[in-house]
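Remarks on the overall topology
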Amino acid sequence: MSTVTSKGRPAPGGGRIVEVEPERLPRWVANFAARNGGIASHHAEGDAWTIESNEGTSASVVWTLAGGLPAGWLLDDDPVKAAEHLRDYALEPRRIAVLLARKSAYSVGILKDGRIIASKTDTAYVQGKTKAGGQSQQRFARRREGQAHAAEKRARDAVFAVLGNAEFDALVTGGPVEGILEDPRLAKLRPTAHFGDIAEPKQALLTATAYRAIGFAVRLSQ
């Protein structure tokens, strides 16, 4: 499973990571060449497509949805043409499952060619922490724990209802979904990509996350 950094974040070990939508990849590669004196070479290296500029800047392109790029798409000597092949590959029709969680909210769905075909979204009330002490604090803590447990159970039931017996090509997750996926009924669910930084889970975010998942994460280094 790959964990994706949000747009423009510093990369571990130096450099930075930017996210590039699939349709923009060829233009991004052309602009990278123009800004860095042209491209000296490009090649597949591990899970990434690495582009080296004439000025020493490199870009490692990783397809977010899977841990690797099909080498056959990268054989073109022209890096812009290679980027066009990658764009076309990323935009092929797929069924993508998305599970998002944040605090007491969740949203889960399946998208086919970018359209939601099944989904469930809900926000449950979980009481905040209290400054009260003694028995009051304990009572509030027990109530809060019970509310959180009930919210997670509803989320697990919803995920099983939507994804438990469904067929899809990839599962994309966002936010703290670990507790939900611990349900034995969901043991077969294995996330392909995970986004740690998400907004409030809503149905519209399912579509945005599925689209984000078919894009590319590019690590830039000098």
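In the block above lies the structure referred to throughout.
Residues numbered from 1 in each chain as written. Predicted model: local features only at pLDDT ≥ 70, side-chain atom pairs only at ≥ 80, totals over all residues. Heavy atoms only, no water.

Okay, the environment of threonine 50 next. Tracing the sequence through the fold places threonine 50 in strand S5 (residues 48–53). Spatially, the C-alpha atoms of threonine 50 and valine 61 are 6.2 Å apart, while their sequence positions differ by 11 residues. In this structure threonine 50 touches Ser41, His42, His43, Glu45, Ala59 and Ser60, once residues within four positions along its chain are discounted. (Helix = DSSP H or I, 4+ residues; strand = E, 2+ residues; numbered from the N terminus. Contact = heavy atoms within 4.5 Å.)

Moving on to the pairing of strand S12 (residues 216–221). With five bridges joining them, strand S3 (residues 16–20) and S12 adopt antiparallel strand pairing. Bridging across to S12, isoleucine 17 finds its partner in arginine 219. Pairing of strand S6 (residues 58–63) with S12, which is carried by six bridges, proceeds in the antiparallel orientation. Across the sheet, residue serine 60 finds its bridge partner in S12, namely arginine 219. (Pairing = 2+ DSSP bridges.)

Let us look at the environment of glutamate 55. As for its position among the elements, glutamate 55 is in the loop between S5 and S6. Remark: the alpha-carbon pair of glutamate 55 and glutamine 222, spanning 167 residues in sequence, is separated by 8.8 Å. What glutamate 55 contacts, discounting residues up to four positions off in sequence, is Arg35, Asn36, Gly37 and Gln222.

What follows covers the environment of arginine 87. Within the secondary structure, arginine 87 sits in helix H2 (residues 79–90). In the structure, arginine 87 is positioned 24 residues away from tryptophan 63 in sequence and 9.8 Å away in space, judged by C-alpha atoms. In this structure arginine 87 touches Pro22, Glu23, Pro26 and Phe216, once residues within four positions along its chain are discounted.

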